[in-house]
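Overview (structure and organization)
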Amino acid sequence: MNGPLRVAAGPPRAVLLATLLLLAALGFAIAAQAAAPAEATREPYCYSWDFLNNTGADADQLIIRLDRVRQVTTLYEGVDNPFGNPLPSSGYDSATDSYALAFGGGLALDSLPVRLGACLDRGMLRLSANAGAAFQWGAGGQPVEPDPLFLGLTWNRPAAGGVSAELSNDSGIPLVILSLSLVRLDAPLALEDLTADTLALQPALAELDEPQLLAPGESTQFALPQAAWDPAWSHGAVGLRVEFAAEDDLGNIGHLNAQLLDAQKTLLPVTLR
């Protein structure tokens, strides 16, 4: 004679409770990780710059060669960089003492901006003068002109003391510096947050009085005020935001954004004047 059905015995209640608590903790950790903001960087030299595709055509290639850079420690690969990761051909070239970043994994649409960003091993962001086309669009395997706008930056420690930001026109056309603001950041920004909009929200330590014209190859220096490199303030960063444009087309605008950690302790080139 068949007896009543017997339900198979499950694990003890204590085991069930522990399992449920573990699953809940894992779910919370995953959700927190997904919602967490970008992690701030402690790398001393970080830069981001944006520029228009002003070629009149969609571009599927972009290459930039950075002067005297040997190592790129972090790259911006967010949504404003349509190319994503650089190509395997990227890297340091000892013959020209330059670092090439070659992109080809996406499409930069005509008349829209593109943003690049990198943390480097040097307190300078300059185009190489020894490596041919230093900043160039490409489409279908062929170069496309005009080249993107570019404004170089070098952090200097003058012999007289202090710290200065030297801006250099590495483009082949005259550029107008439309605005410049130096800000103090209470905490360093993540590279993806190092944008013109983010820096514009910070209180300015110094600003440009009026637009300034830079001819091709010309440079200008701006001294950082004492508050920007006060040794008593060593946990934050200095941020620099520059807006510039082509002199003959003020609608062709670019931005240069830079972050410098603890200017007093960071190794900077000495400028002798």
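Refer to the preceding data block for the structure.
Throughout what follows, the structure given in this document is the object of discussion. (Residues numbered from 1 in each chain as written. Predicted model: local features only at pLDDT ≥ 70, side-chain atom pairs only at ≥ 80, totals over all residues. Heavy atoms only, no water.)

Trp49, Trp155, Leu167 and Leu240 are the most contacted members of the largest nonpolar core, which has 51 residues in total. Sort the elements by how many residues they give to this core and strand S16 (residues 237–246) lands first, with five residues. The residues touching tryptophan 49, leaving out its near neighbours within four places in the chain, are Ile64, Val114, Arg115, Leu116, Gly117, Ala118, Leu125, Phe135, Phe150, His255 and Leu256. Counting residues in each nonpolar core, the second largest holds 11 residues, with Tyr76, Cys119, Leu199 and Leu261 among its members. (Core = buried A, V, L, I, M, F, W, Y, C linked by side-chain atoms within 4.5 Å. Buried < 20%, exposed > 50% of the residue type's maximum accessible area, 1.4 Å probe, protein only. Helix = DSSP H or I, 4+ residues; strand = E, 2+ residues; numbered from the N terminus. Contact = heavy atoms within 4.5 Å.)

Right, let's talk about the pattern of salt bridges for a bit. Under the criterion given, the structure shown has three salt bridges. We note a salt bridge from arginine 126 to aspartate 170, for which the minimum N-O separation is 2.8 Å. You can see arginine 126 sitting in the loop between strand S7 (124–125) and strand S8 (135–139) and its partner aspartate 170 sitting in the loop between strand S11 (164–169) and strand S12 (175–185), a full 44 residues away along the chain. Classification of arginine 126 as partly exposed rests on a relative accessible area of 21%. (Salt bridge = Lys/Arg side-chain N within 4 Å of Asp/Glu carboxyl O.)

Inspection of every chain in the model, using the stated rule, returns five aromatic pairs. Between phenylalanine 51 and phenylalanine 135 the ring centres are 5.1 Å apart and the planes differ by 75°, which places this aromatic pair in the edge-to-face class. Placement of phenylalanine 51 in strand S1 (residues 45–52) and of phenylalanine 135 in strand S8 is noted, with a sequence separation of 84 residues between them. By relative accessible area, which is 1% here, phenylalanine 51 ends up buried. Ring plane angle 40° and centroid distance 6.1 Å describe the contact between phenylalanine 83 and phenylalanine 103, whose orientation is recorded as tilted. Placement of the pair is phenylalanine 83 in the loop between strand S3 (72–75) and strand S4 (91–93) and phenylalanine 103 in strand S5 (residues 98–103), with a sequence separation of 20 residues. Residue class for phenylalanine 83 comes out buried when judged on its relative accessible area of 3%. The exposure class assigned to phenylalanine 103 is buried, which follows from its relative accessible area of 4%. (Phe/Tyr/Trp six-rings, centres within 6.5 Å; stacked < 30°, edge-to-face > 60°.)

What follows is about the environment of alanine 165. Looking at where alanine 165 falls in the secondary structure, it is placed in strand S11. Taking relative accessible area as the criterion, alanine 165 reaches 3% and is therefore assigned buried. With 75 residues separating them in the primary sequence, alanine 165 and leucine 240 have C-alpha atoms 8.7 Å apart. Not counting residues up to four positions away in its chain, the partners in contact with alanine 165 are Leu153, Thr154, Trp155, Thr220, Gln221, Phe222, Leu224 and Leu240.

Let us look at the sheet that holds S8. If you walk across this open sheet you meet the five strands as S4-S5-S2-S8-S9, and the pairing is antiparallel. Either end of the sheet is taken by a strand with one partner, and the two such strands are S4 and strand S9 (142–144). Averaged over all pairs of adjacent strands, the angle between their axes in this sheet comes to 35°, without regard to strand direction. As paired elements, S4 and S5 share three bridges and run antiparallel to each other. Bridged to glycine 91 within S5 is alanine 100. (Pairing = 2+ DSSP bridges. Axes fitted to C-alpha atoms, helices over the stretch in contact; angles between N-to-C directions.)

All right, on to the side chain of serine 90 then. Inspection of the secondary structure assignment puts serine 90 in the loop between S3 and S4. Within the local environment of serine 90, its side chain forms a polar contact with the backbone oxygen of leucine 87, the two atoms lying 3.0 Å apart. A polar contact of 2.9 Å, which involves the side chain of serine 90, links it to the backbone nitrogen of alanine 102. Those residues in contact with serine 90, other than ones at most four positions away along the chain, are Ala100, Leu101 and Ala102. (Polar contact = N/O pair within 3.5 Å; in protein donor to acceptor, adjacent residues only side chain to side chain.)

A few words now on a nonpolar patch on the surface. A grouping of Leu107, Leu109 and Leu112 is seen on the molecular surface, where their side chains present a nonpolar patch of about 250 Å² in accessible area. By the secondary structure assignment, leucine 112 is in the loop between S5 and strand S6 (113–120). (Patch = residues over 30% accessible without salt bridge, like charges linked within 9 Å, V, L, I, M, F, W, Y side chains within 5 Å. Areas by Shrake-Rupley, 256 points an atom, 1.4 Å probe, with all protein chains shown as cover.)

Below, the discussion takes up the sheet that holds strand S15 (residues 219–223). Read across the open sheet, the four strands follow the order S7-S10-S11-S15; overall the sheet is antiparallel. Two strands in the sheet have a free side with no partner beyond their single neighbour: S7 and S15. Pairing of S11 with S15, which is carried by five bridges, proceeds in the antiparallel orientation. Within the sheet, the bridge partner assigned to leucine 167 lies in S15 and is threonine 220.

This next bit is on the state of the cysteines. Throughout this description, disulfide means a covalent bond between two cysteine sulfur atoms. Within the structure shown, the criterion is met by one disulfide. Two residues, cysteine 46 and cysteine 119, share a disulfide whose sulfurs are 2.0 Å apart. Here cysteine 46 and cysteine 119 share a disulfide; its torsion about the S-S bond, 100°, makes the bridge right-handed. With cysteine 46 in strand S1 and cysteine 119 in strand S6, this residue pair connects regions lying 73 residues apart in the sequence. Accessibility classification places cysteine 46 together with cysteine 119 in one group, the buried group. (Disulfide = S-S within 2.5 Å.)

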